[in-house]
Amino acid sequence: MFSDLWQEEEDGSEASLHAVSAIGLAEVLRSLYGRPARLSLATVAQVVQAADFLQVASVTRTCEVFLSRSLQPGTVLGISEVARQFWLGGLEAECNDMVLNRLNEVAATKEFLLLEFPRLESFLGDDRLAVSSEGVVWSSALVWLHGGDQEERAQYLKPLLA
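Residues numbered from 1 in each chain as written. Predicted model: local features only at pLDDT ≥ 70, side-chain atom pairs only at ≥ 80, totals over all residues. Heavy atoms only, no water.

Glancing now at the side chain of arginine 119. Of note, arginine 119 is situated in helix α8 (residues 117-124). For arginine 119, a relative accessible area of 10% gives the class buried. A polar contact of 2.5 Å, which involves the side chain of arginine 119, links it to the side chain of glutamate 81. If sequence neighbours within four positions are ignored, arginine 119 has contacts with Ser80, Glu81, Arg84 and Asn96. (Helix = DSSP H or I, 4+ residues; strand = E, 2+ residues; numbered from the N terminus. Buried < 20%, exposed > 50% of the residue type's maximum accessible area, 1.4 Å probe, protein only. Polar contact = N/O pair within 3.5 Å; in protein donor to acceptor, adjacent residues only side chain to side chain. Contact = heavy atoms within 4.5 Å.)

Shown next, in the form of structure tokens:
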């Protein structure tokens, strides 16, 4: 099943499995042998990467459920990136809904300050954005503008005002 994924040394003494971390591989193997994967927010991305690479859908699904249960304003953007990276569409939609419905709380997190401008613009311009007033949107934009390299982010002031 996995023979094409291995790369052996010429003398046959060692084999390497690239693109999979030891932690990710260990947890996928635990699951394949009937034991539950040990997941945490610090390791789940490695496990889902290994499961995706090795095409072990049951472990990918276990990771998706874990991530869904871990959603909160302080984790939603990081979880959203994992969902986007590994094509977990249902989880990504759940993350987007949380951001759009709880923007004020999400904007108060460190993760919000790390957003790339296109993602921020997408959230702030989404018709489904549920805020009590435009002031919440403006306040969130200002938090983001002042939360990073202000010279670099100054170029985005005009698009944010539009």
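Along the chain, serine 140 falls in helix α9 (residues 134-146). For serine 140, a relative accessible area of 1% corresponds to the buried category. In contact with serine 140, other than residues within four places in its own chain, are Leu103, Ala107 and Phe112.

Summarising the element assignment, alanine 37 is placed in the loop between α1 (22-32) and α2 (44-54). The sequence separation of alanine 37 and glycine 89 amounts to 52 residues, and the corresponding C-alpha distance is 22 Å. Setting aside anything within four residues of it in sequence, one finds alanine 37 in contact with Glu27 and Ser31.

As a further point, take the packing of aromatic side chains. All told, the structure shown has 3 aromatic pairs when counted by the stated rule. Centre to centre, the rings of phenylalanine 117 and tyrosine 156 are 4.1 Å apart; their planes meet at 15 degrees, and the pair counts as stacked. Remark: tyrosine 156 occurs in the loop between α10 (150-153) and α11 (157-161) and phenylalanine 117 occurs in helix α8; sequence separation between them is 39 residues. Residue phenylalanine 117 shares its accessibility class with tyrosine 156, and that shared class is buried. Three or more aromatic residues joined by ring pairs make a cluster, and in this case those are Phe117, Trp144 and Tyr156. Directly above the ring of tryptophan 144 sits arginine 153, whose terminal nitrogen or CZ lies 4.0 Å from the centroid. (Phe/Tyr/Trp six-rings, centres within 6.5 Å; stacked < 30°, edge-to-face > 60°. Lys NZ or Arg CZ within 6 Å of the ring centre and 35° of its normal.)

Attention now goes to the pattern of salt bridges. Taken as a whole and assessed by the stated rule, the structure comprises 8 salt bridges. The salt bridge partner of glutamate 27 is arginine 30, with a shortest N-O separation of 3.4 Å. Pair noted here: glutamate 27 and arginine 30 are both in helix α1, with a separation of 3 residues, about one helical turn. As far as the burial class goes, glutamate 27 and arginine 30 line up, both buried. With a shortest N-O distance of 2.9 Å, arginine 128 and aspartate 126 are connected by a salt bridge. Among the ionic contacts, a cluster of salt bridges with common partners joins Glu27, Arg30 and Arg38. (Salt bridge = Lys/Arg side-chain N within 4 Å of Asp/Glu carboxyl O.)

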